[in-house]
Amino acid sequence: MATQDDDTLTGSVPDPEAEPTPAELAHARRFAELVDKTLAGRTPPAMSADDRALLEVATVIRAARGQLELAPARQRAVVEDALRQAIGAEPSPGGSVTPIARAPARRWAPWVVAGASTLVAAAALLVLWLRPAEPPGAPIGRATVPAEWTSRSADALIGPIARDRAGDASARIDAIFADRLDGFRARRLARRGAP
């Protein structure tokens, strides 16, 4: 015979041919009473984790047999609670049946958002359609700026690179950087009114 353990779920399994011990009989009687109370709708609020697990298994087995009938009021309460949870509301307290009625704001809020989005889209289309046309010959999408502000080739600044100066790239980069920095400073200081 296997050694006895108080834990019914994780303990060792007793020999099926062995006679039940008095502790096993007492546990079976207590569990039978617990199942009877649960079927009568009087499940105790506190019980051991093992008893709760065994009770869930017993309930599933009973429900799987297909002979589990709920009273119509209880069926409606279960469905209402499931629907409440599906829409994000709290389940009804005590299992009482309360018809689901959406708050007035929740009923019209999606329509307000859709209407506002439509108005914004319509306003954007009107602005694009009613804006004045560009005069003929005007550069499209390009502002006229002085040449020193635009990106330009550095050929005029560096000139042709002789073969013996090919490895002197850092000096050429420094010259280009200094030239661009002068242009940047001239632009920044011109905005502030400095000479």
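Look a little higher up for the structure.
Criteria and cut-off values
- Residues numbered from 1 in each chain as written.
- Predicted model: local features only at pLDDT ≥ 70, side-chain atom pairs only at ≥ 80, totals over all residues.
- Heavy atoms only, no water.
- Helix = DSSP H or I, 4+ residues; strand = E, 2+ residues; numbered from the N terminus.
- Buried < 20%, exposed > 50% of the residue type's maximum accessible area, 1.4 Å probe, protein only.
- Areas by Shrake-Rupley, 256 points an atom, 1.4 Å probe, with all protein chains shown as cover.
- Patch = residues over 30% accessible without salt bridge, like charges linked within 9 Å, V, L, I, M, F, W, Y side chains within 5 Å.
- Salt bridge = Lys/Arg side-chain N within 4 Å of Asp/Glu carboxyl O.
- Axes fitted to C-alpha atoms, helices over the stretch in contact; angles between N-to-C directions.
- Parallel < 35°, antiparallel > 145°, perpendicular 65-115°, else oblique.
- Left-handed = near helix turned anticlockwise from the far one by under 90°.
- Contact = heavy atoms within 4.5 Å.
- Nonpolar A, V, L, I, M, F, W, Y, C, P; charged D, E, K, R; others polar.

Undergrad: Would you mind showing me how to read the overall build of the protein here?
TA: Each helix and strand counted, the protein has six helices and zero strands in total. By the burial criterion, 8% of the 195 residues in the protein qualify as buried. Entry remark: accessible area of the protein is about 16200 Å², with carbon and sulfur atoms responsible for 62%.

Undergrad: Just checking my understanding: could you explain a nonpolar patch on the surface for this structure?
TA: On the surface, L126, W129 and L130 cluster together to form a nonpolar patch covering roughly 400 Å² of accessible area. With respect to the helices and strands, L126 occurs in helix 4 (residues 104-130).

Undergrad: Explain the pattern of salt bridges here, please?
TA: Opposite charge on two side chains permits them to pair, given that their charged atoms come into close proximity. The final tally for this structure, using the stated rule, is two salt bridges. Put simply, D168 and R165 hold a salt bridge, and the shortest N to O gap is 2.8 Å. By relative accessible area, which is 26% here, D168 ends up partly exposed. For R165, a relative accessible area of 46% puts it in the partly exposed group. R180 is the partner of D179 in a salt bridge, and the nearest nitrogen-oxygen pair spans 2.9 Å. Note on D179: relative accessible area 24%, which makes it partly exposed. What makes R180 partly exposed here is its relative accessible area of 29%.

Undergrad: Is there a simple way to think about the packing of helix 1 (residues 22-39) against helix 2 (residues 49-64) in this case?
TA: Packed helices, taken two at a time, are described by the angle their axes make and the gap between the axes. Direction vectors running N to C along helix 1 and helix 2 enclose 55 degrees, while the axes themselves pass 11 Å from each other. On the basis of the axis angle, helix 1 is oblique to helix 2. Note on packing geometry: the crossing formed by helix 1 with helix 2 is right-handed. Each of H27, R30, F31, L34, V35, T38 and L39 in helix 1 lies in contact with helix 2, whose residues at this interface are D51, L54, L55, A58 and R62. When its residues are assigned to classes, the contact of helix 1 with helix 2 shows seven nonpolar, two polar and three charged.

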